[in-house]
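Breakdown of the fold
Here are the chains, one letter per residue:
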Amino acid sequence: MRGAAPVLVLSLLAAPAAGQVAPFTVTSDAIEAPLDGLRGDPARGEAVVRNRETANCLICHMIPGTTERFMGEVGPPLAGVGSRLSPGQIRLRVVDPTLWNPQAIMPAYHRTEGLLRVDRQYRGRPVLTAQEVEDVVAYLSALKAPER
């Protein structure tokens, strides 16, 4: 089709071992299928997003309903993100934002290869499991902009 956006398809076919990266397919600017066919839970996803020990989303993003000090402004505010991006687009940005934007400064939360300065105890392990990614996607997808 003329004028259609090019489609990038990337498949990781090996089944993940415990603590490893789940297989996924990138099409255009999204990972449409949930990782490992998992269903996310928004409440668990909110806990992951607010956790300063793991995902630490607060370091770069303002999160609605958070009264905590020292939220970052490097990334866009997460309020209304579920109205701006599809679940597949959110999933891609959480799994590995450099697949969408090679210059992204947001870390890849579900990648283990090509990373720099990873402590030995964390090598070969993604920051977030496939379930945690799906929980985050469920939470962020539920953050809709207020209707006018």
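Parameters at a glance
Residues numbered from 1 in each chain as written. Predicted model: local features only at pLDDT ≥ 70, side-chain atom pairs only at ≥ 80, totals over all residues. Heavy atoms only, no water. Helix = DSSP H or I, 4+ residues; strand = E, 2+ residues; numbered from the N terminus. Buried < 20%, exposed > 50% of the residue type's maximum accessible area, 1.4 Å probe, protein only. Contact = heavy atoms within 4.5 Å. Disulfide = S-S within 2.5 Å. Axes fitted to C-alpha atoms, helices over the stretch in contact; angles between N-to-C directions. Parallel < 35°, antiparallel > 145°, perpendicular 65-115°, else oblique. Left-handed = near helix turned anticlockwise from the far one by under 90°. Nonpolar A, V, L, I, M, F, W, Y, C, P; charged D, E, K, R; others polar.

**Details of the side chain of glutamate 134**
Along the polypeptide, glutamate 134 turns up in helix α4 (residues 130-141). Classification of glutamate 134 as buried rests on a relative accessible area of 3%. Once residues within four sequence positions are removed from consideration, glutamate 134 is found in contact with Pro34, Leu35, Leu38, Arg39, Gly40 and Arg91.

**Topic: unusual backbone geometry**
With glycine set apart, most residues show a phi of negative sign, and most peptide bonds adopt trans. At aspartate 36, a residue that is not glycine, the phi angle is positive and equals roughly 55°. Note on placement: aspartate 36 falls in the loop between β2 (25-27) and α1 (42-50). Assessed through its relative accessible area of 44%, aspartate 36 is described here as partly exposed. Positive phi outside glycine occurs at asparagine 56, with the angle close to 55°.

**Quick notes on the state of the cysteines**
Linking two cysteines covalently through their sulfur atoms gives a disulfide. Enumeration according to the criterion identifies 0 disulfides in this entry. Residue cysteine 57 stays outside any disulfide, its sulfur separated by 8.7 Å from that of cysteine 60, the closest cysteine. Judged by relative accessible area, cysteine 57 falls into the buried class, the value being 13%. Relative accessible area serves as the criterion here: at 26%, cysteine 60 is assigned to the partly exposed category.

**Points about the environment of methionine 106**
Mapped onto the secondary structure, methionine 106 falls in the loop between α3 (87-95) and α4. Owing to a relative accessible area of 29%, methionine 106 belongs among the partly exposed residues under this scheme. Counting along the chain gives 10 residues from methionine 106 to aspartate 96, while the straight-line C-alpha distance between them is 8.4 Å. The contacts of methionine 106, once residues within four sequence positions are left out, are His61, Arg93, Val94 and Pro97.

**Some thoughts on the packing of α3 against α4**
One can describe the packing of α3 onto α4 by two numbers: an axis separation of 9 Å at closest approach and a directional angle of 130°. The angle between α3 and α4 falls in the class oblique. When you trace α3 past α4, the crossing you get is right-handed. Packed against α3, whose contacting residues are Pro87, Ile90, Arg91, Val94 and Val95, the element α4 presents Val133, Glu134, Val136, Val137, Leu140 and Ser141 at the interface. Classifying every residue of the contact of α3 with α4 by side-chain character gives 8 nonpolar, 1 polar and 2 charged.

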